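# Observations on the model geometry
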Amino acid sequence: MGGALLSETLTEILIPVAAVVGIGFALIQWVLVSRVKVAPDHSHAPNNNNKNGYSEYLIEEEEGLNDHNVVNKCAEIQNAISEGANSFLFTEYQYMGIFMVGFAALIFLFLGSVEKFSTKSQPCTYNKERLCKPALANAIFSTIAFLLGSLTSILSGYLGMKIATYANARTTLEARKGVGKAFITAFRSGAVMGFLLAANGLLVLFVAIILFKLYYGDDWEGLFEAITGYGLGGSSMALFGRVGGGIYTKAADVGADLVGKVERNIPEDDPRNPAVIADNVGDNVGDIAGMGSDLFGSYAESSCAALVVASISSFGNTHDLTAMCYPLLISSMGIIACLITTLFATDIFEIKAVKEIEPALKKQLIISTVVMTIGIAVVSLVALPSSFTIFNFGVQKVVKNWELFFCVAIGLWSGLVIGFVTEYYTSNAYSPVQDVADSCRTGAATNVIFGLALGYKSVIIPIFAIAVSIFVSFSLAAMYGIAVAALGMLSTIATGLAIDAYGPISDNAGGIAEMAGMSHRIRERTDALDAAGNTTAAIGKGFAIGSAALVSLALFGAFVSRAAIQTVDVLTPKVFIGLIVGAMLPYWFSAMTMKSVGSAALKMVEEVRRQFNTIPGLMEGHAKPDYGTCVKISTDASLKEMIPPGCLVMLTPLIVGTLFGVETLSGVLAGALVSGVQVAISASNTGGAWDNAKKYIEAGASEHARTLGPKGSDPHKAAVIGDTIGDPLKDTSGPSLNILIKLMAVESLVFAPFFATHGGLLFKI
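Reading the values: the criteria
Residue positions are given per chain, counting from 1 as you read along its sequence in written order. In keeping with the model being predicted, local features are shown solely for residues with a pLDDT of at least 70 and side-chain atom pairs are shown and tallied solely at 80 or more, while totals for entire chains, interfaces and linings include all residues. Side-chain numbers come from the whole structure's heavy atoms, not from hydrogens or water. In this description a helix means any DSSP run of H or I spanning at least four residues, a strand means any run of E spanning at least two, and both kinds are numbered starting from the N terminus. Our radius of gyration looks at C-alpha atoms and nothing else; its globule reference is 2.2 Å times the residue count to the power 0.38. To sort residues, take the accessible area from a 1.4 Å probe on protein chains only and compare it with the maximum for the residue type: under 20% means buried, over 50% means exposed, and anything in between is partly exposed. By definition in these notes, contact holds between two residues if any of their heavy atoms fall within 4.5 Å. Methods summary: accessible areas were calculated by the Shrake-Rupley approach with a probe of 1.4 Å, and residue burial reflects only the protein chains presented. The term nonpolar core refers to a set of buried residues drawn from Ala, Val, Leu, Ile, Met, Phe, Trp, Tyr and Cys, joined through side-chain atoms within 4.5 Å. Stacked, edge-to-face and tilted are the three classes for Phe, Tyr and Trp ring pairs, Trp counted by its six-membered ring, which pair at centre distances within 6.5 Å; planes under 30 degrees apart are stacked, over 60 edge-to-face, the rest tilted. Think of a 1 Å grid over just the protein atoms. A cavity is a set of points where a 1.4 Å probe fits yet cannot get out, a pocket is an open set with protein on both sides within 12 Å along at least five of seven lines, and lining residues have an atom within 4 Å of a point. Grid points are joined across faces, edges and corners, and a volume is the space filled by probe spheres set on the points. Ten residues, namely Ala, Val, Leu, Ile, Met, Phe, Trp, Tyr, Cys and Pro, are considered nonpolar, four, namely Asp, Glu, Lys and Arg, are considered charged, and the remaining ones, Gly among them, are considered polar. The term salt bridge refers to a pairing of a side-chain nitrogen on Lys or Arg with a carboxyl oxygen on Asp or Glu at a separation within 4 Å. For a helix, the expected span equals 1.5 Å multiplied by the residue count minus one. Axis lines are fitted to C-alpha atoms, over the contacting stretch for helices. Their N-to-C directions set the angle, which ranges from 0 to 180 degrees. Roughly parallel covers angles under 35 degrees, roughly antiparallel covers those over 145, roughly perpendicular covers 65 to 115, and oblique covers all other angles. Note on convention: the crossing is left-handed when the near helix lies turned anticlockwise from the far helix by less than a right angle, right-handed when the turn is clockwise.

Looking now at the overall build of the protein. Each helix and strand in the protein was counted, giving 25 helices and four strands. Taken over C-alpha atoms, the radius of gyration comes to 26 Å for the protein, in line with the 27 Å a tight globule of 765 residues would show. Across its three principal directions, the C-alpha atoms of the protein cover 85 × 55 × 45 Å. Residue burial in the protein is summarised as follows: out of 765 residues, 64% are buried. A sequence separation of at least 24 residues applies to 84% of the contacts in the protein between residues at least 6 apart. Looking at the protein as shown, the accessible area adds up to about 25900 Å², and 66% of this sits on carbon and sulfur atoms.

Have a look at this one:
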């Protein structure tokens, strides 16, 4: 079969070096962002450097405003947002810490009890002639991997939030010098988060594998089964981060919009609105910290799924470390490809006008995909033998290295297709969103009908893209092909996250400009940055949902193999009841999260109304609102409300596997995957379309938009109502559903030894 061209020693050097390069690049971007000072600068010598289409003269200087007051106000608002985000995350992480310790104990008890906590070696699962490490070792190392994944996920979210709150006011201040300067500051800050997350995830996983190998030696089957705990840890923290953060941000957003915009007719982010600080804090804890943990979870699980299947294929049987580390080498190449891509946005192409912002972000997706395709070809050539075998439900399938290249590449390119389809349905540059905006002429009801129809329709092409990816990759390389296709979709995660994080940073920048009383021209620039960010956030969610579908299918395949299920027969009652219940779970989960946002928003609306009615001079701008109470309402509601949806997801596989057995659980996983993907895509795109329909009317950039506006008109009020309904759909329920389908699959895989041995108690009676 021939060996790989890349030696084991070189593999062990290249992976950590790529991770360190990623961390180094992130730190350089952070240093460049930190050069923008959030303090009054007394040395305003005019400088006619015409970079990015604007001179260095500040608009405030042209208009004769007091620059020092503006900068001081920006610094104050930034501190308030940062403190609010910090205090929420620390409280949330205390809850997560308790869960982490409890669930780690559960993993140890369940997996240790498989062989009654025996310390004797046992026959391997897939090769009974060989002896593998005891079940107790699997319990201990799975628990350690779970804790490692959990901590890395929390770190990913926290670092993202710190960078975003550090960069928001700096983006506002740079907007005074031109839209190009503001864009580069927001984008560099997003890149810091993207590269830190991709590099940390890769480095921690690689170090864990090397350290675990010291104990496991030649037992690679046991080693990589234990490593799946890393993916479980990453996703379980992401679930609470996404749900908790999503409830926080949308409770504040809905409360601020309904009272501020619809009832009081004041602008978005007006400092008179009591919920405005909570709204801006929410952007950071939901859209940044929650999203960071979510994409880290996807990355960890797709790597783990590929490694588990590879460990029982020829790579694992012949102990070929280079071929075994193929998924990690793909991720390493991804960091380098994204590094090259980022330079195009920050140093090569200059933004000179507002209309260039969205194309610049789209170019990032295209360039990263093209560069990464070349990178995949190189890695496939040097890291894989020319021919090898892949485990395929009990038989070994012969695969060529070029076939694996196609598996990864089709995942990568279908991710791009999903991204662009999502953009078409959620950007106000295209007819679907313009049609939704037009429907606001006749009120909120028609707006809601058009928005729902758009969301359902937007599911069609992404599902076909996912279906083609699954068929091609499975035909070429069985379940391993699907796992690496998911990894292909996530291989440009650093660029994807940079684009994704850019959105909330720009949104915050606009909020700070409004609250600091800056000129309307600056607000126009930050609004343009934010509108592009809205679309790119929808693209990011499309990627996350598409990759979640592939990851959970790969994990499902690994679970079926590990639980020794011969076939998943839908016609058997055991499987069918699981299938129908699994398909219901995304609806139950969405109902919980939507209701949580609704009840938290209700409290927020009442509090905002109370302050407007009881604080004298608030509407006139003579008195300051009580921001703290609104921050507390969002914090308390999200922490209390994130627990039931979290328990639903975490307990379902445990209850079904223990009481009904592995066949029923396989049905539940298949049902949740099939229905969850559809609901997630339609919810995210419906919400994104309503949001951008509102922004289309507000911007008034075209003749059609001007006939619907201005702000405060009846069509605009109808658009605000649609946007408010869409908020929990696109930022709470939709994005959390992709975690539901991945998390249930990886949890089932980790607990598979227990379910296979002791599961199905009800059917044994």
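Of all hydrophobic cores here, the largest spans 231 residues; its most connected members are Phe183, Tyr326, Ile357, Tyr480 and Phe559. Among the elements that take part in this core, helix α5 (residues 179-216) stands out by supplying 21 residues, more than any other. Dropping the residues within four chain positions of it, Tyr480 is found in contact with Ala306, Val309, Ala310, Phe315, Ala323, Tyr326, Pro327, Ile390 and Leu404. In terms of nonpolar packing, the next biggest core, distinct from the first, is built from 18 residues, Val433, Ala437, Leu454 and Ala689 among them.

Quick look at the packing of aromatic side chains now. Evaluation of the coordinates by the stated rule reveals 28 aromatic pairs. Each ring, one from Phe315 and one from Phe388, has its centre 4.9 Å from the other, and the planes form 45°; the classification is tilted. Residue Phe315 is found in helix α8 (residues 314-317), and its partner Phe388 is found in strand β3 (residues 387-392); the two are separated by 73 residues along the sequence. With respect to class, Phe315 is no different from Phe388; both count as buried.

The next point concerns the layout of surface pockets. Taken as a whole, the largest pocket spans an internal volume of roughly 940 Å³. Taken together, 35 residues line the largest pocket, and the ones lying closest to its centre are Asp527, Ala528, Ala531, Lys695 and Ala699. Among the elements of the structure, α11 (357-383), α16 (493-515), α17 (520-562) and α21 (662-699) are those that each provide at least two residues to the lining of the largest pocket. Ranked by residue count, the leading element in the lining of the largest pocket is α17, at nine residues. Put simply, the second largest pocket is a space of about 580 Å³. What lines the second largest pocket is a set of 31 residues, among which Cys124, Thr125, Tyr126, Lys128 and Arg562 lie closest to the centre. Every element with two or more residues in the lining of the second largest pocket is listed here: β1 (122-123), α4 (135-174), α6 (220-263), α17 and α24 (752-758). When grouped by side-chain class, the residues that make up the lining of the second largest pocket number 16 nonpolar, eight polar and seven charged.

One pass over the structure, following the stated rule, counts 25 salt bridges. Arg706 is the partner of Glu703 in a salt bridge, and the nearest nitrogen-oxygen pair spans 3.5 Å. Placement of both Glu703 and Arg706 in helix α22 (residues 703-708) is noted, with a separation of three residues, approximately one turn of the helix. Residue classification places Glu703 among the exposed positions, given a relative accessible area of 56%. Connected through salt bridges with shared partners, the residues Lys250, Asp253, Asp530, Asp691, Lys694, Lys695, Asp723, Asp727, Lys730 and Asp731 form a single ionic network.

With that settled, the discussion passes to α17. In this model, α17 (43 residues) spans 61 Å end to end at C-alpha, consistent with the 63 Å of a helix rising 1.5 Å per residue. For α17, the tally of buried residues reaches 38 of 43 residues, placing the bulk of the element in the interior.

This next bit is on the side chain of Thr492. When you line up the elements, Thr492 lands in the loop between α15 (460-490) and α16. The buried category is assigned to Thr492, whose relative accessible area is 7%. With residues near it in sequence (within four places) discarded, Thr492 still touches Cys338, Ser368, Met372 and Leu412.

On to the packing of helix α18 (residues 573-614) against helix α20 (residues 643-660), then. Viewed as axis vectors pointing N to C, α18 and α20 meet at an angle of 160°, and their least axial separation amounts to 9 Å. Comparing the axis directions of α18 and α20 gives the class roughly antiparallel. Where α18 abuts α20, its residues Leu585, Trp588, Phe589, Met592 and Thr593 lie against Pro644, Pro645, Leu648, Val649 and Thr652. Looking at the contact of α18 with α20, its residues break down into eight nonpolar, two polar and no charged.

Before going further, it helps to spend a moment on the packing of α4 against α5. Any two packed helices are characterised by the angle at which their axes cross and by the distance between the axes. For the pair α4 and α5, interaxial distance at closest approach is 9 Å and the crossing angle is 165°. In terms of axis orientation, α4 runs roughly antiparallel to α5. The two elements α4 and α5 cross, and the hand of that crossing is right-handed. Partitioning the contact of α4 with α5 into residue classes produces 20 nonpolar, nine polar and three charged.

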